[in-house]
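This is what each chain is made of:
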Amino acid sequence: MTLKDAAELLETQEYPATADDIKTTHGDFELDLPNGTETLGDIIDRAGDDTFDDATAAQHALMGAVGGEAIGRRNYSDRDPTPMGVDGPTQVSF
């Protein structure tokens, strides 16, 4: 399941819902991330014990709490150069 699939799955939840409600209903679903996998329940755990009023609030919590496994190379940007006086990441060329 992708992050997009998980966000769509949260639309099927009955709201308002607590993090525990979401974990009980959808917590076992496993997300396939670029650098591993993680369950929806583990991600919602990091969002805290909030009550979500609607699917949008739960989706924002999901996107904000997803771990580093969901991104590609850390600290990589092809847009901004490292500012002068700052030691940035080592340049990698493919």
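One can find the structure itself at the top, above this paragraph.
The model shown is predicted, which means the values in this text are computed figures rather than measured ones.

Draft legend 1. Representation of the overall build of the chain within the structure. Looking only at helices and strands, the chain features four helices and four strands. Looking at the chain as a whole, 29% of its 94 residues qualify as buried. Element-wise, carbon and sulfur atoms account for 47% of the exposed surface of the chain, whose accessible area totals about 6500 Å².

Draft legend 2. Layout of the nonpolar core. Ranked by internal contacts, the top residues of the largest apolar core, which has 17 residues, are Leu10, Ile22, Leu31, Leu40, Ile43, Phe52 and Leu62. At the level of secondary structure, the elements contributing two or more residues to this core comprise α1 (3–10), α2 (19–26), β2 (30–33), α3 (40–47) and α4 (55–65). Of all the elements, α4 adds the most residues to this core, at four residues. Excluding residues within four positions of it along the chain, Leu40 makes contact with Ala6, Leu9, Leu10, His26, Gly27, Phe29, Leu31 and Leu62.

Draft legend 3. Spotlight on the packing of α1 against α4. Packing of α1 against α4 leaves a shortest axis separation of 9 Å and a crossing angle of 150°. Regarding the angle of α1 to α4, the classification is roughly antiparallel. Regarding α1 and α4, the two cross each other, and that crossing is right-handed. Here α1 contributes Leu3, Ala6, Ala7, Glu8 and Leu10 to the contact with α4, which in turn contributes Ala55, Ala58, Gln59, Leu62 and Met63. Of the residues in the contact of α1 with α4, the class split is eight nonpolar, one polar and one charged.

Draft legend 4. Geometry of the pairing of β2. Burial along β2 is one-sided: the residues Leu31 and Leu33 are buried and none of Glu30 and Asp32 is. In this structure, β2 lies alongside strand β3 (residues 36–39), joined through four bridges in antiparallel fashion. Paired with Asp32 across the strands is Thr37, a residue of β3. Between β2 and β3, which follow one another and run antiparallel, lie two residues.

Draft legend 5. Focus on the side chain of Gln59. Considering the arrangement of structural elements, one finds Gln59 in helix α4. Residue classification places Gln59 among the buried residues on the basis of a relative accessible area of 15%. Setting aside its immediate chain neighbours within four residues, Gln59 contacts Ala7, Glu8, Leu10 and Glu11.

Criteria and cut-off values
The residue count restarts for each chain, going from 1 along the sequence in the order it is written. Since the coordinates come from a predicted model, pLDDT governs what is reported: local features require at least 70, and pairs of side-chain atoms require 80 or more to be given and counted, while whole-chain, interface and lining totals use all residues. Note that water and hydrogens are dropped before the side-chain values are worked out from all heavy atoms of the structure. The helix and strand labels rest on DSSP assignments: H or I over at least four residues marks a helix, E over at least two residues marks a strand, and numbering proceeds from the N terminus. Accessible area is worked out with a 1.4 Å probe on protein chains only. A residue is then buried under 20% of its type maximum, exposed over 50%, and partly exposed in between. For every accessible area listed, the method is Shrake-Rupley and the probe measures 1.4 Å; residues are considered covered only by the protein chains on display. For the purposes of this section, nonpolar cores are sets of buried Ala, Val, Leu, Ile, Met, Phe, Trp, Tyr and Cys residues that join through side-chain atoms within 4.5 Å. Should any heavy atoms of two residues lie within 4.5 Å, those residues are considered in contact. Every axis corresponds to a line fitted to the C-alpha atoms, with the helix fit spanning only the stretch in contact, and the corresponding angles, defined between N-to-C directions, vary from 0 to 180 degrees. Any angle between 65 and 115 degrees counts as roughly perpendicular, while under 35 counts as roughly parallel, over 145 as roughly antiparallel, and the rest as oblique. It is the rotation of the near helix from the far one that decides the hand of a crossing: anticlockwise by less than a right angle makes it left-handed, clockwise makes it right-handed. Each residue gets one of three labels, nonpolar for Ala, Val, Leu, Ile, Met, Phe, Trp, Tyr, Cys and Pro, charged for Asp, Glu, Lys and Arg, and polar for the others, Gly among them. Only strands that DSSP links by at least two bridges are regarded as paired with each other.

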